[in-house]
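# Fold and contact review
So you can see what is in the structure, the chains are spelled out below.
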Amino acid sequence: EAQVTQNPRYLITVTGKKLTVTCSQNMNHEYMSWYRQDPGLGLRQIYYSMNVEVTDKGDVPEGYKVSRKEKRNFPLILESPSPNQTSLYFCASSWSGGPDEQFFGPGTRLTVL
Amino acid sequence: AQSVTQLGSHVSVSEGALVLLRCNYSSSVPPYLFWYVQYPNQGLQLLLKYLSGSTLVKGINGFEAEFKKSETSFHLTKPSAHMSDAAEYFCAVPDGGFKTIFGAGTRLFVKA
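In this report, we go over the structure that sits alongside the text.

Definitions and limits used
- Going along each chain's sequence as written, the residues are numbered from 1 onward.
- Chains carry letters from A onward and ligands carry numbers from 1 onward, assigned in written order.
- Selection of residues for local features in this predicted model requires a pLDDT of at least 70, selection of side-chain atom pairs for listing and counting requires 80 or more, and totals for whole chains, interfaces and linings are taken over all residues.
- Processing note: side-chain calculations cover all non-hydrogen atoms of the structure and skip hydrogens and water entirely.
- Strands are runs of DSSP state E lasting at least 2 residues, helices are runs of H or I lasting at least 4, and numbering of each runs from the N terminus.
- What the globule rule says is 2.2 Å times the number of residues to the power 0.38, and the radius of gyration is computed from C-alpha atoms.
- Any two residues having at least one pair of non-hydrogen atoms within 4.5 Å are treated as being in contact.
- Buried area: the sum, over both parts, of the accessible surface (1.4 Å probe) that disappears when the two are put together.
- Here a salt bridge means any side-chain nitrogen of Lys or Arg lying within 4 Å of a carboxyl oxygen belonging to Asp or Glu.
- Counted as a polar contact is a pair of N or O atoms within 3.5 Å, where, for protein atoms, one must be capable of donating a hydrogen and the other of accepting one, and residues adjacent in sequence contribute only when both atoms are in side chains.
- Three classes are used: nonpolar for Ala, Val, Leu, Ile, Met, Phe, Trp, Tyr, Cys and Pro, charged for Asp, Glu, Lys and Arg, and polar for all others, with Gly counted as polar.
- Relative accessible area decides the class of each residue, using a 1.4 Å probe on protein chains only: under 20% of the type maximum gives buried, over 50% gives exposed, and in between gives partly exposed.
- Two strands pair if DSSP finds at least two bridges between them.
- The criterion for an aromatic pair is that two Phe, Tyr or Trp rings (for Trp, the six-membered ring) have centres within 6.5 Å, with stacked assigned to planes under 30 degrees apart, edge-to-face to planes over 60 apart and tilted to the rest.

What follows covers the overall build of chain A. In terms of regular secondary structure, chain A is built from zero helices and eleven strands. Helices (α) and strands (β) of chain A occur, in sequence order from the N terminus, as β-β-β-β-β-β-β-β-β-β-β. Computed over its C-alpha atoms, the radius of gyration of chain A comes to 13 Å, within 12% of the 13 Å expected for a compact globule of 113 residues. On the principal axes, the C-alpha backbone points of chain A span a range of 35 × 30 × 25 Å.

See below:
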């Protein structure tokens, strides 16, 4: 089954404790992206990747890191989480971005205390 | 840079009534346009998209949207709402090739 998986689905952590949210897709997509969803703000793009070793900032990259060492994986790293990063995070993938449909993972609900 | 405005954070309709969800984008250049739907506790899935050609686009579950360049709009409609349509709907536009801008979303409530 074609899908985007994220882990963990739920995470409660404390300020400053480094964490990684994993994202994996099995569709051989070149494009992957991370979004955060906050009430009243919709989805805002954090980072995206056009291919292996090629990443770029979205609209809200501060406090986040990403890497794309393999085509299928695109982890999101919070090196020193803060309460304002409490949010619902989605990973998505598509063939090449732009006009292509994005396929979304189920989401990761992160709470930073 | 692109921006997307969805008028109305909440829309409530009765079952069987017309659904109209509004989306306006900022660019004067006809862009690619998308509508996604998010059911409770799920990720987003594509409803429909406009790339070029016919300005009336049909999607899944009976939804359609019309691209109007003169109004910079891409409103989503469905003739008859069903309880299963209750969800949050997002309009989206690519920005600069690889970035994507989403609207703030409209939550649709369907009353029995």
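Our next topic: the interface of chain B and chain A. Contact residues are listed per partner, giving 22 residues for chain B and 26 residues for chain A. It is B:Phe98, B:Lys99 and B:Phe102 that lose the most area in chain B upon contact with chain A, and together they represent 32% of the buried surface on that side. At the boundary of chain B and chain A, one finds one salt bridge. Where B:Lys99 meets A:Asp59, a salt bridge forms, and the shortest distance between an N and an O atom there is 2.9 Å. The interface formed by chain B and chain A contains six residue pairs in polar contact (both at pLDDT 80 or more). Within the side of chain B that touches chain A, the residues separate by chemical class into twelve nonpolar, seven polar and three charged.

This brings us to the environment of A:Thr108. Residue and element names in this part refer to chain A. With respect to the helices and strands, Thr 108 occurs in strand S11 (residues 108–112). Among the residues examined, Thr 108 registers a relative accessible area of 0% and is labelled buried. With 21 residues separating them in the primary sequence, Thr 108 and Ser 87 have C-alpha atoms 8.3 Å apart. The residues touching Thr 108, leaving out its near neighbours within four places in the chain, are Gln 6, Pro 8, Arg 9, Val 21, Ser 87, Leu 88 and Tyr 89. At 3.1 Å, the side chain of Thr 108 forms a polar contact with the side chain of Gln 6. Here Pro 8 takes part through its backbone oxygen, which lies 2.7 Å from a polar atom of the side chain of Thr 108.

Further remarks concern the sheet that holds strand S3 (residues 19–25) of chain A. Residues and elements named next belong to chain A. Read from one edge to the other, the open sheet built from four strands follows the order S1-S3-S8-S7, with strand pairing classed as antiparallel. Only two strands of the sheet have a single neighbouring strand rather than two, namely strand S1 (4–7) and strand S7 (65–66). Note that S7 and strand S8 (residues 76–78) share two bridges and pair antiparallel. By the bridge assignment, Lys 65 is partnered in S8 with Ile 77.

To continue, consider the packing of aromatic side chains. Each aromatic ring pair is characterised by the separation of its centres together with the angle its planes make. Per the stated rule, a full pass over the model turns up 15 aromatic pairs over all chains. Their ring planes at 20° and their centres at 6.4 Å tell us that A:Tyr31 and B:Phe98 sit as a pair that is stacked. Of the two residues, A:Tyr31 is situated in strand S4 (residues 31–38) and B:Phe98 in the loop between strand S10 (87–95) and strand S11 (99–102); the pairing between them involves two chains. The buried category is assigned to A:Tyr31, whose relative accessible area is 1%. With centroids separated by 5.4 Å and ring planes inclined at 45°, the aromatic side chains of B:Phe63 and B:Tyr89 adopt a geometry described as tilted. Of this pair, B:Phe63 sits in the loop between strand S7 (56–58) and strand S8 (64–68) while B:Tyr89 sits in strand S10, placing them 26 residues apart in sequence. Here the two residues B:Phe63 and B:Tyr89 agree in accessibility, since each one is buried. The rings of A:Tyr35, A:Phe90, A:Phe104, B:Phe34, B:Tyr36 and B:Phe102 are connected pair by pair, giving a single aromatic cluster.

All names here are of chain A. Of note, the bond from Asn 7 into Pro 8 is cis; its omega dihedral lies within 30 degrees of zero at -5°. Relative to the assigned elements, Pro 8 resides in the loop between S1 and strand S2 (10–13). Located in the positive-phi region is Glu 53, a residue other than glycine, with phi close to 65°. By the element assignment, Glu 53 lies in the loop between strand S5 (42–51) and strand S6 (54–57).

Quick look at the pairing of strand S6 (residues 44–50) of chain B now. All names here are of chain B. For S6, the buried fraction is high: five of the seven residues fall into the buried class. Here strand S5 (residues 33–38) pairs with S6 via six bridges, running antiparallel. Following the sheet pairing, Leu 33 is matched in S6 by Tyr 50. Linking S5 back to S6 in an antiparallel pair, the connection comprises five residues, with Asn 41 at a positive phi of about 60°.

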